[in-house]
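Structural characterization, general
Chain residues, written in single-letter form:
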Amino acid sequence: MARNMLSLKLKLYSAFVLIFALSVTFPDLYEASIAELQDGLEKGHFPSVDLVKAYFARIEEVNLQGPTLRAVIETNPSALSQAAELDLERRLQGSRGPLHGIPIIVKDNVATVASEGSFALLGSIVPRDAHVVSKLRAAGAIILAKANLSEWAHFRGNVPNGFSGRGGQASSAYVPLGDPSGSSSGSGISASIGLAAAALGSETDGSIISPSNQNNLVGIKPTVGLTSRAGVIPISVHQDTVGPMARSVTDAAIVLSAIAGRDPRDNFTFAQPPIVPDFTKALKADGLKGVRLGVPRKLFSRTNSNVVAAFNASLDTIRGLGATIVDPADLPDFTELEASNNETIVLDTDFKVDINQYISELLEVPTGVKNLADLIAFNIAHADEELVQPFWTDQSEFIASENTTVDQAYFNAIAADKDLGGKRGIDGALQTFGVDALLMPSSVASGPAAIVGYPIVTVPLGFLPPNTTLAPAQPVRSSGPNQPFGIAFVGTAFSEFKLITFAFAYEQATHNRLKVLAFPEAIPKTQLADIVGN
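Just so it is clear, the model here is predicted, and its values are computed rather than measured.

1. Details of the overall build of the protein
Within the protein, the secondary structure is distributed over 18 helices and 13 strands. Scaling as 2.2 N^0.38, a compact globule of 534 residues should have a C-alpha radius of gyration of about 24 Å, and the protein matches this with 23 Å. Taking all 534 residues of the protein together, 59% fall into the buried category. When contacts within the protein are restricted to residue pairs at least 6 apart in sequence, long-range pairs at least 24 apart make up 77% of them. Total accessible area computed for the protein in this model is approximately 20300 Å², and 56% of it derives from carbon and sulfur atoms.

2. Quick look at the sheet that holds strand β9 (residues 292-294)
What the 11 strands build is an open sheet, ordered β1-β3-β2-β6-β8-β7-β12-β13-β11-β9-β10; its pairing is mixed. What marks the edges here is a single partner per strand, and that holds for β1 (72-75) and β10 (324-326). Pairs of neighbouring strands in the sheet enclose a mean axial angle of 30°, with direction left out of account. Across three bridges, the pairing between β9 and β10 is parallel. The partner of Arg 292 across the bridge, within β10, is Thr 324. Helix-sheet contacts for helix α17 (residues 496-510) involve β7 (218-221), β9, β11 (437-441), β12 (456-463) and β13 (484-490), and the interaxial angle to β12 is about 15°.

3. A closer look at the packing of helix α9 (residues 249-259) against α17
Between α9 and α17, the least distance of the axes is 10 Å, while the angle of their chain directions is 160°. In terms of their interaxial angle, α9 and α17 are classed as roughly antiparallel. Seen from α9, the contacting residues are Val 249, Thr 250, Ala 253 and Leu 256; seen from α17, they are Glu 496, Ile 500, Ala 503, Phe 504 and Glu 507. A breakdown of the residues in the contact of α9 with α17 according to their chemical character gives six nonpolar, one polar and two charged.

4. Notes on the side chain of Asn 76
Looking at the element boundaries, Asn 76 is found in the loop between β1 and α4 (79-93). Here Asn 76 falls in the buried class, since its relative accessible area comes to 16%. Once residues within four sequence positions are removed from consideration, Asn 76 is found in contact with Phe 56, Gln 82, Ile 143, Leu 144 and Ala 145.

5. Brief notes about the packing of aromatic side chains
Within the structure shown, the criterion is met by 10 aromatic pairs. Arranged with centres 5.6 Å apart and planes meeting at 25°, the rings of Phe 351 and Phe 398 form a pair that is stacked. Here Phe 398 lies in helix α14 (residues 396-402) and Phe 351 lies in helix α12 (residues 342-360), a separation of 47 residues in the sequence. We note that Phe 351, like Phe 398, is buried. Taken together, the ring pairs connect Trp 152, Phe 155, Phe 351 and Phe 398 into an aromatic cluster.

6. Let's talk about the pattern of salt bridges
Here the structure, examined in full by the defined rule, presents 17 salt bridges. Across the salt bridge formed by Arg 302 and Glu 338, the nearest N and O atoms sit 3.3 Å from each other. One end of the pair, Arg 302, is in the loop between β9 and α10 (305-320); the other, Glu 338, is in helix α11 (residues 334-339), with 36 residues separating them in the sequence. According to the relative accessible area criterion, Arg 302 is exposed, its value standing at 71%.

7. Focus on the environment of Gly 157
When you line up the elements, Gly 157 lands in the loop between α6 (151-154) and β4 (163-164). Residue Gly 157 is classed as buried on the basis of its relative accessible area of 10%. In this structure the C-alpha to C-alpha distance between Gly 157 and Val 237, which are 80 residues apart in sequence, comes to 19 Å. With residues near it in sequence (within four places) discarded, Gly 157 still touches Asp 394, Gln 395, Ser 396 and Glu 397.

8. Brief notes about helix α2 (residues 34-42)
Side chains three or four residues apart in an α-helix point the same way, a direct result of the helix having 3.6 residues per turn. Burial in α2 covers these residues: Ile 34, Leu 37, Gln 38, Gly 40 and Leu 41. Each buried residue of α2 sits inside an arc of 160° when the element is viewed along its axis, so together they form one side. Elements that come into contact with the buried residues of α2 comprise α3 (48-62), α4 and α9. Looking at the residues trailing α2, positive phi occurs at Gly 44, about 75°.

9. Here's the deal with a nonpolar patch on the surface
Together, Val 353, Val 406 and Phe 411 make up an exposed nonpolar region whose accessible area comes to about 260 Å². By relative accessible area, which is 43% here, Phe 411 ends up partly exposed.

10. Some points on the environment of Leu 86
Here Leu 86 shows up in helix α4. You can call Leu 86 buried: its relative accessible area is 8%. Spatially, the C-alpha atoms of Leu 86 and Arg 96 are 9.4 Å apart, while their sequence positions differ by 10 residues. Not counting the four nearest positions on each side in its chain, Leu 86 is found in contact with Arg 96, His 100, Gly 101, Gly 140 and Ile 142.

So, how was this worked out
- Within any chain, residue numbers begin from 1 and follow the written order of that chain's sequence.
- Two thresholds apply to this predicted model, a pLDDT of at least 70 for residue-level local features and 80 or more for giving and counting side-chain atom pairs, whereas whole-chain, interface and lining totals are computed over all residues.
- In computing side-chain properties, one takes all heavy atoms of the structure into account and sets aside hydrogens as well as water.
- Helix and strand definitions follow DSSP, with helices as H or I runs of at least four residues and strands as E runs of at least two, each counted in order from the N terminus.
- Computation of the radius of gyration draws on C-alpha atoms, with the globule rule given as 2.2 Å multiplied by the number of residues to the power 0.38.
- The classification of residues rests on relative accessible area computed with a 1.4 Å probe and restricted to protein chains. Under 20% of the type maximum is buried, over 50% is exposed, and intermediate values are partly exposed.
- Contacts were defined at the residue level, with two residues in contact if any of their heavy atoms lie within 4.5 Å.
- Here the accessible surface of atoms and residues is derived via Shrake-Rupley with a 1.4 Å probe, and residues count as covered only by protein chains that are part of the display.
- A strand pair is defined by DSSP finding two or more bridges across the two strands.
- Only C-alpha atoms enter the line fits that serve as axes; for helices the fit covers just the stretch in contact. Angles between N-to-C directions range over 0 to 180 degrees.
- Note on angle classes: values under 35 degrees are labelled roughly parallel, values over 145 roughly antiparallel, values of 65 to 115 roughly perpendicular, and the remainder oblique.
- Gly counts as polar in this scheme, as do all residues outside two lists: the nonpolar Ala, Val, Leu, Ile, Met, Phe, Trp, Tyr, Cys and Pro, and the charged Asp, Glu, Lys and Arg.
- Pairing of aromatic rings covers Phe, Tyr and Trp, the last counted by its six-membered ring, and requires centre-to-centre distances within 6.5 Å; plane angles under 30 degrees mean stacked, over 60 mean edge-to-face, and any other angle means tilted.
- Any carboxyl oxygen of Asp or Glu that lies within 4 Å of a side-chain nitrogen of Lys or Arg is treated as forming a salt bridge with it.
- Throughout, the arc means the angular range of directions from the helix axis out to the C-beta atoms.
- A patch is a set of surface residues, each over 30% in relative accessible area and not in a salt bridge, joined within 9 Å for like charges and within 5 Å for the nonpolar side chains Val, Leu, Ile, Met, Phe, Trp and Tyr.

Set out below in structure tokens:
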């Protein structure tokens, strides 16, 4: 009798949940904002457990099946239990803040379990989470999965964007077999079609901004030192940074606010202002009123004509929002900057030092690699997994780095980069033309800011025309119909707050992102309605 009563109660409860689910309008996970998800969680429309299940199902649909985008290397086996704990905490104690119970995907070079897309570090044990991951967890975020990437953050050699030994060849959700750019390839693909609420990427020169540009996203490349690199597999201590990739400026600002701050394990973070602002307070729809923006025309003289046309049209929109455009406002040292080889010297030398230090701090490395020379040898010994014919055989960057030494030429190159990128570059242009920031197509934004460690915010701008020729897949297509591109706001050190204000005002006036969707097969079908009550 008791068993029958229990069965009846369970059936009634299930019926109630189903009726409730049918009466609620759930946010579309393709575009759902962090605020929309948080609102549903707070109102009890769905728990974080169901949100994780929905995102897992979406990953399952498109990652290794259907269009096989290969955006995700692995999902977090603890995500559901962590979601359950956060659901309970919400009921008993309330929410920690905007990221409580929100699933985030992080690039695979950001430590939770060391792997970096390469078999060489598979199974390695890190001493602790990366600092940015610890801060996400403290904010209540759920680390949903690790994103595929261009292996070794595209520093192994001349290898197509989005390839890693473990993850395979990733591709865009906008162009079938399209180049997703890199090195934060999987982070870009994942955020672009709602495989998580947002993603983390890392950048040395272009690795957040370029895949955000190519995957129709907002990306924030922070000033070097605003976010800690501790626990992130390095390329260069002078240029590496970690930042958000999201579907809106608001979501990117929320994530950046959570991960920014000082860290004793990264002394570059002690250069940041004493108080890191709440970047969501920068979200002002009238934020371009009275602003002066400079256009460094020489940087994009060879850029795709469709991108330049869309960029030029955007200038009228920005003027209409109250800004003054100074055009041209070129970098004073443009010619010298174009000819400089300093960045190559710095990165090649830094990588050897920094990667050897990173490996030495791992608690366990099952493959036995101890340094860069071992990584090169490992790849040769496991060529069938790492140096795969015909597109993925190169490790020339590794070899060039191994052959470097820390010498006077290296120190001279560091000093020259600071001068070229800053005093006679970005800062020179800002001061010469009296502008608040520089404005340009995102595809050309990363270089000058990279060598001096300055911030960039990219926002969706447009798409290549539907009649664009579909480039051959070698193995990914360099271009094709509806390929996205962005517009970038670039500023001096620690000017993120201003750049976010400018980017938000532009985004709110244009809403370019949803003017073209991903190709149909790449859009996951699973929604919260399919999970809640089932």
